[in-house]
Amino acid sequence: MSLVQDFNDYRAKMNDKILKEDNKVLKRLFNLDTNAFAEGELDIKTKEIIGLACSMVLRCDDCVRYHLGKCHEVGVTTKEVFEAFSIANLIGGTIIIPHLRRAVEYWEELQQEA
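Criteria and cut-off values
Residues numbered from 1 in each chain as written. Predicted model: local features only at pLDDT ≥ 70, side-chain atom pairs only at ≥ 80, totals over all residues. Heavy atoms only, no water. Patch = residues over 30% accessible without salt bridge, like charges linked within 9 Å, V, L, I, M, F, W, Y side chains within 5 Å. Areas by Shrake-Rupley, 256 points an atom, 1.4 Å probe, with all protein chains shown as cover. Salt bridge = Lys/Arg side-chain N within 4 Å of Asp/Glu carboxyl O. Helix = DSSP H or I, 4+ residues; strand = E, 2+ residues; numbered from the N terminus. Buried < 20%, exposed > 50% of the residue type's maximum accessible area, 1.4 Å probe, protein only. Axes fitted to C-alpha atoms, helices over the stretch in contact; angles between N-to-C directions. Parallel < 35°, antiparallel > 145°, perpendicular 65-115°, else oblique. Contact = heavy atoms within 4.5 Å. Nonpolar A, V, L, I, M, F, W, Y, C, P; charged D, E, K, R; others polar.

Caption draft 1: Quick look at a nonpolar patch on the surface. Taken together, the side chains of Ile18, Leu19, Leu26, Leu29 and Leu32 present a nonpolar region at the surface, about 410 Å² in accessible area. Looking at the nonpolar patch, the elements that each hand over two or more residues are α1 (3-20) and α2 (24-36). When residues of the nonpolar patch are assigned to their parent elements, the largest contribution, three residues, is made by α2. A relative accessible area of 32% means that Leu19 is categorised as partly exposed.

Below, the structure is given as structure tokens:
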């Protein structure tokens, strides 16, 4: 299996388990996330790029992978992704570099699977 498929399968499996518990707070949190990234004053592409940069700064590899997948789905280019990476590294500092390496690897795999 691929890095992308493994991530997506695991995420879907665990999200299903979490949502089956029917916890009101967690369900609302998931819904808030969905609504925050919906089309609004900012288009979806812009929101996903923001989500990617924020996830890099917060050093959340799962979030970075998720937003890279969404960026890929909405047509963000490699140049745009690397511009977001550069801003995240500027804001987050050199501690972001290991996450950058994993993000580049994941982005390359997304590109190969397309």
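Caption draft 2: Layout of the packing of helix α5 (residues 78-92) against helix α6 (residues 97-113). At a minimum axis distance of 11 Å, the contact between α5 and α6 shows a crossing angle of 170 degrees. Looking at the two axes, α5 sits roughly antiparallel to α6. Contacts between α5 and α6 involve Thr78, Val81, Phe82, Phe85 and Asn89 from the former and Ile97, Leu100, Ala103, Val104, Trp107 and Gln111 from the latter. For the contact of α5 with α6, the per-class residue count stands at eight nonpolar, three polar and no charged.

Caption draft 3: Representation of the pattern of salt bridges. Overall, the coordinates contain four salt bridges when judged by the stated rule. Across the salt bridge formed by Asp22 and Lys27, the nearest N and O atoms sit 2.8 Å from each other. For Lys45, the salt bridge identified is with Glu80, shortest N-O distance 3.1 Å. A residue pair is termed long-range when its members are at least 10 positions apart, and Lys45 in helix α3 (residues 44-58) and Glu80 in helix α5 qualify at 35 residues. Note on Glu80: relative accessible area 28%, which makes it partly exposed.

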